[in-house]
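A structural walkthrough
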Amino acid sequence: MRRKSSRDAKPGPQSQDNTSRRRKGLSERNRPLWMLIPGGLLMIIIIVVPLLLGIFMSGLDLDQYSLRKWVSAPFIGVQNFVEALTASPLLHAIWLSVSYSLLAMVVTIPLGIAGAVATQNAFKGRAVIRSIFLIPYVLPSFVVATVWRTMFQPGSVIDSLLHSVGIDAGLWLNGPNSYWTLILVQIWASWPFVYLLALSGLQSVDHEVHEASALDGALWWNKLRYVVFPYLKGPLSLAFLIGMLHHINNFTLPFVLFGIPAPSDVELLPILTYVTSFQSFRFGLSAAMAFISLILIAIPLFVYLRAVKLDDAETPGGKK
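Okay, so let's go over this structure. Since the model is a prediction, treat every value here as computed from it, not as a measurement.

1. Considerations on the overall build of the protein
On a plain count of helices and strands, the protein comes out with 14 helices and 0 strands. What you see in the protein, going N to C, is helices and strands ordered as α-α-α-α-α-α-α-α-α-α-α-α-α-α. Buried residues in the protein amount to 34% of all 320 residues. Counted over contacts in the protein with a minimum sequence separation of 6, partners at least 24 positions apart contribute 69%.

In structure tokens form, the structure reads like this:
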């Protein structure tokens, strides 16, 4: 019999890998990138153009007198940034925003974990309980703020309940109590988000791990600490980051809850930027404040994305 030539021989694994790599590279080069044009144009119009306009406005002495011809307003460089950091309550607003966001997340994370653990296993009425837990999350922010504003009015429901037990708490929507009122309402409105992410993390726990820990006689706290919590690290980190950024940028809740002008104890960064722009008509100064808030938000986001990238690089098969 005549031998088969090397050309007719069956290709080995290495040649198949090379062929698949060439096909993959060819398909990547021939991708229809023009399909990204509609989304790219939308991103440019909605994000890039307003960002560039805001940066341009932050260098102008733009107010109600120069707004009509704002392109020819006096250029003052970084004076708006200097004024925002030295002569305005911007640093106080940043402190209020960060501190209230941090306190709200410190409380919502344990609440979310507890709710997820309580409703993870099947029991009668679990669907109803889960639906009730999600009510604060599905309600719009202005509805939540309006309801709680009504409840915190002097002589309203909360005051009547406290007076019935002999407690006179004073004003809830003005003065120092307004800060704690904002935290309380924010906790009620945002804890279901942490609950959802924690519940999704619990669903990823292998059932065999639960069985192994039960057979080993692990106590409930050791089971939570060494079996459940490691699976919740990623979802809770994401919940903490998104929750912090959302609270810092939250404008609707404090705006509807306290009105304008808001008490100085709850003059958060978005409220201060709004007041500076649409009540004081210092548009250049408010643009500088908005740009500073953008930098403030970008820092934890960059740290989180960097940590996720390092995590992926350390896992087997991750890109390095």
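After presenting the structure, the write-up continues.
2. A closer look at the packing of aromatic side chains
For the coordinates displayed, the defined rule picks out 14 aromatic pairs. Between F133 and Y195, the aromatic rings sit 5.4 Å apart at their centres with planes inclined by 90 degrees, giving edge-to-face as the arrangement. With F133 in helix 5 (residues 126–133) and Y195 in helix 9 (residues 177–203), the pair connects residues that are 62 residues apart, well separated along the chain. Its relative accessible area of 21% is what places F133 among the partly exposed residues. Between the aromatic rings of F251 and Y274, the centroid separation amounts to 5.3 Å while the plane-to-plane angle is 50 degrees, which identifies the pairing as tilted.

3. Section: helix 3 (residues 79–86)
Taken as a whole, helix 3 has its buried residues at N80, F81 and A84. All buried residues of helix 3 lie within an arc of 100 degrees about the axis, which places them on one face of the element. Residues of helix 3 that are exposed and point over 90 degrees away from its buried face: Q79 and T86.

4. Comments concerning the side chain of S58
Within the secondary structure, S58 is located in the loop between helix 2 (37–57) and helix 3. Owing to a relative accessible area of 3%, S58 belongs among the buried residues under this scheme.

5. Observations regarding the packing of helix 4 (residues 90–118) against helix 9
Running from amino to carboxyl end, helix 4 crosses helix 9 at an angle of 45 degrees, the nearest separation of the two axes being 6 Å. Put simply, helix 4 runs oblique to helix 9. Seen from above, helix 4 lies across helix 9 with right-handed handedness. Here the contact of helix 4 with helix 9 is built from residues that sort into 22 nonpolar, 6 polar and no charged.

6. Here's the deal with the nonpolar core
W148, F152, L182, V185, L257 and F258 are the most contacted members of the largest nonpolar core, which has 24 residues in total. Going through the elements one at a time, helix 4, helix 7 (141–151), helix 9, helix 12 (252–258) and helix 13 (269–278) are the ones with two or more residues in this core. A total of 6 residues in this core trace back to one element, the largest contributor, which is helix 9. In contact with V185, other than residues within four places in its own chain, are V144, W148, F152, L253 and L257. In this structure, I113, L197, L199 and A239 belong to the second largest nonpolar core, which totals 18 residues.

7. Re the environment of Y304
In this fold, Y304 is placed in helix 14 (residues 283–314). By relative accessible area, which is 22% here, Y304 ends up partly exposed.

8. Here's the deal with unusual backbone geometry
A cis amide bond links I260 with the next residue in sequence, P261, at an omega value of 0 degrees. Its location among the elements puts P261 in the loop between helix 12 and helix 13.

9. A few points about the pattern of salt bridges
A complete count under the given rule lists 1 salt bridge for this structure. For R282, the salt bridge is made with E83, and the minimal N-O distance between the two is 3.0 Å. Of this pair, R282 sits in the loop between helix 13 and helix 14 while E83 sits in helix 3, placing them 199 residues apart in sequence. Residue R282 is classed as partly exposed on the basis of its relative accessible area of 24%.

10. Description of helix 7
Turning to helix 7, its buried residues are V144, A145 and W148. Buried residues along helix 7 cover an arc of 95 degrees about the axis, so they all sit on one side. Next to the buried residues of helix 7 lie helix 6 (135–138), helix 8 (157–164), helix 9 and helix 12.

Cut-offs and rules
Each chain has its residues counted from 1, following the order in which its sequence is written. Local features in a predicted model are, by the rule used here, given only for residues with pLDDT of at least 70; side-chain atom pairs are given and counted only at 80 or more, and totals for whole chains, interfaces and linings are based on all residues. Excluded from the side-chain calculation are hydrogens and water; included are all heavy atoms of the structure. For helices the rule is a DSSP run of H or I covering at least 4 residues; for strands it is a run of E covering at least 2, with both sets numbered from the N terminus onward. The buried label goes to any residue with under 20% of its type's maximum accessible area, the exposed label to any with over 50%, and the partly exposed label to all in between, with areas taken from a 1.4 Å probe on protein chains only. Contact between two residues is taken to exist if any of their heavy atoms lie within 4.5 Å; hydrogens are not considered. Aromatic rings from Phe, Tyr and Trp, taking only the six-membered ring of Trp, are treated as a pair when their centres fall within 6.5 Å; an angle between ring planes under 30 degrees marks them as stacked, one over 60 as edge-to-face, and anything in between as tilted. Directions from the helix axis toward the C-beta atoms define the arc. Only C-alpha atoms enter the line fits that serve as axes; for helices the fit covers just the stretch in contact. Angles between N-to-C directions range over 0 to 180 degrees. Oblique is the label for any angle not covered by the other classes, which are roughly parallel (under 35 degrees), roughly antiparallel (over 145) and roughly perpendicular (65 to 115). For any pair of crossing helices, the crossing counts as left-handed if the nearer helix is rotated counterclockwise from the farther one by less than a right angle, and right-handed if it is rotated clockwise. Basically, the charged four are Asp, Glu, Lys and Arg, the nonpolar ten are Ala, Val, Leu, Ile, Met, Phe, Trp, Tyr, Cys and Pro, and anything else, Gly included, counts as polar. Among the buried residues, those of types Ala, Val, Leu, Ile, Met, Phe, Trp, Tyr and Cys that are joined through side-chain atoms within 4.5 Å form a nonpolar core. Salt bridges are counted wherever a side-chain nitrogen of Lys or Arg sits within 4 Å of a carboxyl oxygen of Asp or Glu.

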